[in-house]
Amino acid sequence: MDDTVALVDCNSFYASCERVFAPDLEGRPVVVLSNNDGCVVSRSDEAKALGIEIGVPIFKCGRLLLNSGGRIFSSNYSLYGDMSQRVMETLSAFTPSMEVYSIDEAFLFLSGFSRTALTDYGRKIRKTVRQWTGIPVSVGIGPTKTLAKIANRIAKKDPRLGGSFNVRGHPRIDAILESVDVGDVWGVGPRYARLLRKNGIFTARALRDAPDRWVRKNMTITGLRTATELRGTPCIPIEEAPPPKKGVVSSRSFGSPVESLDAVLEALSNYAATAARKLRAQCSAASVIGVFLATDRFRPGPQYANFITAKLPVPTSFTPDLVRHARALLRVIYRPGYSYRKTGVLLDGIIPEGNAQLNLFESAPDERQAELMRTVDRINDRLGGDTVHLGAEGIRRAWGMKRLKLSPCYTTRWNELPVVRC
C-alpha cells in the first residue's frame, strides 16, 4: 500500500482540557481567554453555536455566555501542556513514525492497512485518546499531509462520520475539494488566498488543477508543493525531529501597567530564564540577545517603546548569563515616568550547543554550569516550571499576568490534584 498520513487534531483543545476535570461542563458553553483575560482563544461547540468568535474581547460576549449557563476560564498553560503530552504519548502507540505539529495536532504515518480499514483505525485512535486522556479528537486520513488536513476538517464538521474521515481513493474526491474554500487549504495564507481569488481560483479543486508554471511563478515552490499534495503526491515529509528554532522570543504583557524599574527587571529576568529553557530543550546556544520595552499604545498618556541588541561574548544557554545580559540591556533603554505594558527578550544567532566559537579572552565552557542547568530543568519538568528559579525573577510578581478565572493545574501540582470523595 502507498504511504498514508493521518492528522489527529484535538477538538477545542483548551476548552476540552478544562472539561476533563469538570464533567459538569459537558454540554455547556466554555471559553478560554488569552493572556491577561483579554480575548477568546478557545471555545467549545456550544460557545460557537452562540456566535462567539475567536479573538473577540470577553467584555463583548461575557454576559451572553454567562446568561447561557457557560463558563469562562483563564489560560492554564501548565495544564494544557501536560494534557498535550499525554495525548501525544497515547498517539505514539498507534504508529512508529509521528510528527508533533502543535500543542493539539500530530501527523501519524500509517502503513500496512487496507483502505477499508483506515477509517475504522481512525475511530479506534479517537476512542482510545478519549478513554485514556478525556480529550476528544478528530482524525483525517489521506495520501498527503495537505489532504489529511482537509479530511480532518470534514471529520470535525460532520458528526455522522464518527470523528474519522478518509479521502484516500474516495470516489467523490473532486466534489470534496470543490467544497473546500481555497483560503482553508493548509499552506494558503490570507495574502495568497486573495491572489488566487483574484485569478479565479476559489476552491481547493481549482488550485489542484492550476498549471504548475503559474502556481510556481505566483506562489513560489511552496505553493507548488501544496498544489501537488492536493493531487495526492506527497511533497511535505513527516518531521519526526523538528528542526531547531532559529530564534527564541519570550514575552508577555503585564497584568497591570508597571512603572518601577525593579518590577520590569524582575519580569524580564523571568522571560530570559524561560527563553534559556527553550534553548536547552533543543540543545542550542544563542550568540545574540535582544531586549524590548513598550508602553500600551491603546491607552492614553505618554508613549515610549525601544529595542536593543548585543552580541554575547560566547554563545550560551546558561540562564544566569542570559539574565545578566538582558538586565544590563534593559537598563540602557529604560526611561522613568512611563507606565509600561510589555517587555521581552529575543535570542538570535542560534547554533548547536557544541559548536560555540570561543575567543582569546574567554575560558572553555564550564561543564558544572551545564550540569547545574540540566538538574534545574529536570526538577522543573517534574515538579512544575517555576519550582527552582533565580531570585532575580521575583517571588510575589505583582507584574504577573491577570488570570482571575484560573482553574487548578490538576496534574502538575500536588496540592491541586483532583480528589474523589466517596
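Right, let's walk through the structure included here. (Residues numbered from 1 in each chain as written. Predicted model: local features only at pLDDT ≥ 70, side-chain atom pairs only at ≥ 80, totals over all residues. Heavy atoms only, no water.)

Here we look at the overall build of the protein chain
Using the following cut-off: Only DSSP runs of H or I reaching four residues or more are called helices, and only runs of E reaching two or more are called strands; each is numbered from the N terminus. All radius of gyration figures rest on C-alpha atoms, and the globule criterion is 2.2 Å times the number of residues raised to 0.38. Each residue gets one of three labels from its accessible area relative to the maximum for its type: buried under 20%, exposed over 50%, partly exposed in between, using a 1.4 Å probe on protein chains only. The contact rule is simple, with two residues in contact once any of their heavy atoms fall within 4.5 Å. Each accessible area value is a Shrake-Rupley result obtained with a 1.4 Å probe; residue values ignore everything except the protein chains displayed when judging cover. In this tally, Asp and Glu contribute negative charge and Lys and Arg positive charge; neither His nor the terminal groups of the chain are included. Charge coordinates come from a single atom per side chain, which is NZ of Lys, CZ of Arg, CG of Asp or CD of Glu.
Across its full length, the protein chain carries 13 helices and 13 strands. A globule of 422 residues ought to have a C-alpha radius of gyration of about 22 Å, and the protein chain, at 24 Å, matches this closely. Principal-axis analysis of the C-alpha atoms places the extent of the protein chain at approximately 65 × 60 × 45 Å. Relative to its 422 residues, the protein chain shows a buried fraction of 45%. Counting only contacts in the protein chain whose residues sit at least 6 apart along the sequence, the fraction spanning at least 24 positions is 68%. Summed over its atoms, the accessible surface of the protein chain is roughly 22200 Å², and 53% of this surface lies on carbon and sulfur atoms. Looking at the protein chain, you have 59 positive and 42 negative side-chain charges, and the mean spots of the two groups are 5 Å apart.

Re a nonpolar patch on the surface
Stated formally: Here, patches come from residues exposed beyond 30% relative accessible area and free of salt bridges, joined within 9 Å for like charges and within 5 Å for nonpolar side chains (Val, Leu, Ile, Met, Phe, Trp, Tyr). Salt bridge, as applied in this entry: a Lys or Arg side-chain nitrogen positioned within 4 Å of an Asp or Glu carboxyl oxygen.
Taken together, the side chains of Ile379, Leu383, Val388, Trp414 and Leu417 make up a nonpolar region of the molecular surface, amounting to roughly 480 Å² of accessible area. Relative to the elements of secondary structure, leucine 417 occurs in the segment after α13 (367-383). Here leucine 417 falls in the partly exposed class, since its relative accessible area comes to 36%.

Focus: the sheet that holds strand β5 (residues 98-102)
Selection rule: Note: two strands are recorded as paired if DSSP finds a minimum of 2 bridges between them. What counts as an axis is a line fitted to C-alpha atoms, over the stretch in contact for a helix, and the angles between N-to-C directions run from 0 to 180 degrees.
If you walk across this open sheet you meet the five strands as β5-β6-β1-β7-β8, and the pairing is mixed. One side of each edge strand has no neighbouring strand; the edge strands of this open sheet are β5 and β8 (164-166). On average, each strand axis in the sheet is inclined to that of its neighbour by 20 degrees, with strand direction left out of account. Here strand β1 (residues 4-10) pairs with strand β7 (residues 137-142) via six bridges, running antiparallel. Residue valine 8 lies in a different strand from β7, and its bridge partner there is valine 139.

Describing helix α8 (residues 190-198)
Keep this limit in mind: Note: the arc covers the axis-to-C-beta directions of the helix.
All of the buried residues along α8 are Tyr192, Ala193 and Leu196. When α8 is viewed along its axis, its buried side chains cluster within an angular range of 105 degrees and face the same direction. The exposed residues of α8 that point more than 90 degrees off its buried face are Pro190, Arg191, Arg194 and Lys198. For α8, the secondary structure elements touched by its buried residues are α9 (204-208) and α10 (212-230). Glycine 200 sits one or two positions beyond α8 and adopts a positive phi of about 80 degrees.

Observations regarding the packing of aromatic side chains
To be explicit about the condition: Here the aromatic set is Phe, Tyr and Trp, taking the six-membered ring for Trp, and pairing holds for ring centres within 6.5 Å; pairs whose planes are under 30 degrees apart are stacked, those over 60 apart are edge-to-face, and all others are tilted.
Under the defined criterion, the tally for this structure stands at 12 aromatic pairs. When the ring of tyrosine 101 is compared with that of phenylalanine 107, the centres are 5.5 Å apart and the planes differ by 70 degrees; the resulting orientation is edge-to-face. Tyrosine 101 gets classed as partly exposed once you look at its relative accessible area, which sits at 36%. A ring pair is formed by tyrosine 304 and tyrosine 340, whose centres lie 6.3 Å apart and whose planes are at 75 degrees; its orientation type is edge-to-face. Residue tyrosine 304 is located in the loop between β10 (284-295) and β11 (305-316), and its partner tyrosine 340 is located in strand β12 (residues 340-348); the two are separated by 36 residues in the primary sequence.

Notes on unusual backbone geometry
What you tend to see is this: most non-glycine residues have negative phi, and most peptide bonds are trans. Despite not being glycine, aspartate 37 shows a phi value in the positive range, around 55 degrees. Counting through the fold element by element, aspartate 37 comes out in the loop between β2 (30-33) and β3 (40-43). Of the residues examined, aspartate 37 reaches a relative accessible area of 12% and is grouped as buried. At threonine 220, a residue that is not glycine, the phi angle is positive and equals roughly 60 degrees. With respect to the helices and strands, the residue threonine 220 is situated in helix α10.

Details of the packing of helix α1 (residues 13-20) against helix α4 (residues 77-91)
Two quantities define a packed helix pair, namely the angle between the helix axes and the distance between the axes. We count it as follows: Here the word oblique covers every angle except those under 35 degrees (roughly parallel), over 145 (roughly antiparallel) and from 65 to 115 (roughly perpendicular).
One way to put it is that α1 packs onto α4 with a least axis distance of 10 Å and a crossing angle of 90 degrees. In terms of their interaxial angle, α1 and α4 are classed as roughly perpendicular. Residues Phe13, Tyr14, Cys17, Glu18 and Val20 of α1 form the contact with α4, whose participating residues are Tyr77, Leu79, Tyr80, Met83 and Ser84.

A short note on the state of the cysteines
Under the convention used in this document: Cysteine sulfurs are considered disulfide-paired once they come within 2.5 Å of each other.
Scanning the model with the defined rule gives zero disulfides in all. Cysteine cysteine 39 remains unbridged, with the sulfur of cysteine 61 as its closest cysteine sulfur at 9.1 Å. On the basis of relative accessible area, cysteine 39 is assigned to the partly exposed category, the value being 27%. For cysteine 409, which is in no disulfide, the shortest distance to another cysteine sulfur is to cysteine 17 and amounts to 12 Å. A relative accessible area of 4% means that cysteine 409 is categorised as buried.

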